[in-house]
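Breakdown of the fold
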Amino acid sequence: MRLKRSCIYPKDVQRITGKSERSGRRLIQKIKEEQGKSLNQFVTLEEFAAYTGINIDRVREYIVD
């Protein structure tokens, strides 16, 4: 069984939304602020999907390991 990663990066957000990588960084920062996370914590795929309203299965399609 191949393991998939659980966290999302700005490049992933760029692929999913079609916006710039900088916009991806800002969106991840907003999610961290809303979730009460510190700068060194990661945003999970589930948190991203819930925040954006994008189906989690659709998000996983865009994740490239």
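Please refer to the structure higher up on the page.
Presented here is a report on the structure given in the accompanying data block. (Residues numbered from 1 in each chain as written. Predicted model: local features only at pLDDT ≥ 70, side-chain atom pairs only at ≥ 80, totals over all residues. Heavy atoms only, no water.)

Details of the overall build of the chain
When helices and strands are counted, the chain shows 4 helices and 0 strands. Its helices and strands in sequence order give the chain the pattern α-α-α-α, from N to C terminus. For 65 residues, the compact-globule estimate of 2.2 N^0.38 gives 11 Å, and the chain sits close to it at 11 Å. With respect to the three principal axes, the spread of C-alpha positions in the chain is 35 × 25 × 20 Å. Sorting the 65 residues of the chain into buried and exposed places 28% on the buried side. In the chain, 44% of the contacts between residues at least 6 apart in sequence involve partners at least 24 apart. Summing over all exposed atoms, the chain offers an accessible surface of approximately 4700 Å²; the carbon and sulfur share of this is 49%. Of the charged side chains in the chain, 14 are positive and 9 negative, and the gap between their average positions amounts to 6 Å. (Helix = DSSP H or I, 4+ residues; strand = E, 2+ residues; numbered from the N terminus. Rg over C-alpha atoms; globule rule 2.2 N^0.38 Å. Buried < 20%, exposed > 50% of the residue type's maximum accessible area, 1.4 Å probe, protein only. Contact = heavy atoms within 4.5 Å. Areas by Shrake-Rupley, 256 points an atom, 1.4 Å probe, with all protein chains shown as cover. Lys, Arg positive; Asp, Glu negative; His and termini not counted. Charge placed at Lys NZ, Arg CZ, Asp CG, Glu CD.)

Some details on the nonpolar core
Counting 12 residues, the largest nonpolar core consists of Ile8, Val13, Ile16, Leu27, Ile28, Ile31, Val43, Leu45, Phe48, Ala49, Val59 and Ile63. Contributing elements (two or more residues each) for this core: helix H1 (10-17), helix H2 (21-35) and helix H3 (45-52). Not counting residues within four places of it along the chain, the set of residues in contact with Ile31 comprises Val43, Glu47, Phe48 and Tyr51. (Core = buried A, V, L, I, M, F, W, Y, C linked by side-chain atoms within 4.5 Å.)

Focus on the environment of Leu45
With respect to the secondary-structure elements, Leu45 resides in helix H3. Here Leu45 falls in the buried class, since its relative accessible area comes to 4%. Spatially, the C-alpha atom of Leu45 lies 9.4 Å from that of Tyr9, the residues being 36 residues apart in sequence. Leaving out residues up to four positions away in the same chain, Leu45 has contacts with Arg5, Ser6, Cys7, Ile8, Ile56, Val59, Arg60 and Ile63.

Re H2
The terminal C-alpha atoms of H2 lie 21 Å apart, and with 15 residues this matches the ideal 21 Å at 1.5 Å per residue to within 8%. For H2, the complete set of buried residues consists of Gly24, Leu27, Ile28, Ile31 and Lys32. Down the axis of H2, the buried set is contained in an arc of 140°. They therefore lie on one face. Opposite the packed face of H2, turned more than 90 degrees from it, sit the exposed residues Glu33 and Glu34. Buried positions along H2 lie against H1 and H3. Two residues or fewer past H2, Gly36 is found with a positive phi of approximately 70°. (Expected span 1.5 Å × (residues − 1). Arc of directions from axis to C-beta.)

Note that all results are geometric; they support no functional claim without further evidence.
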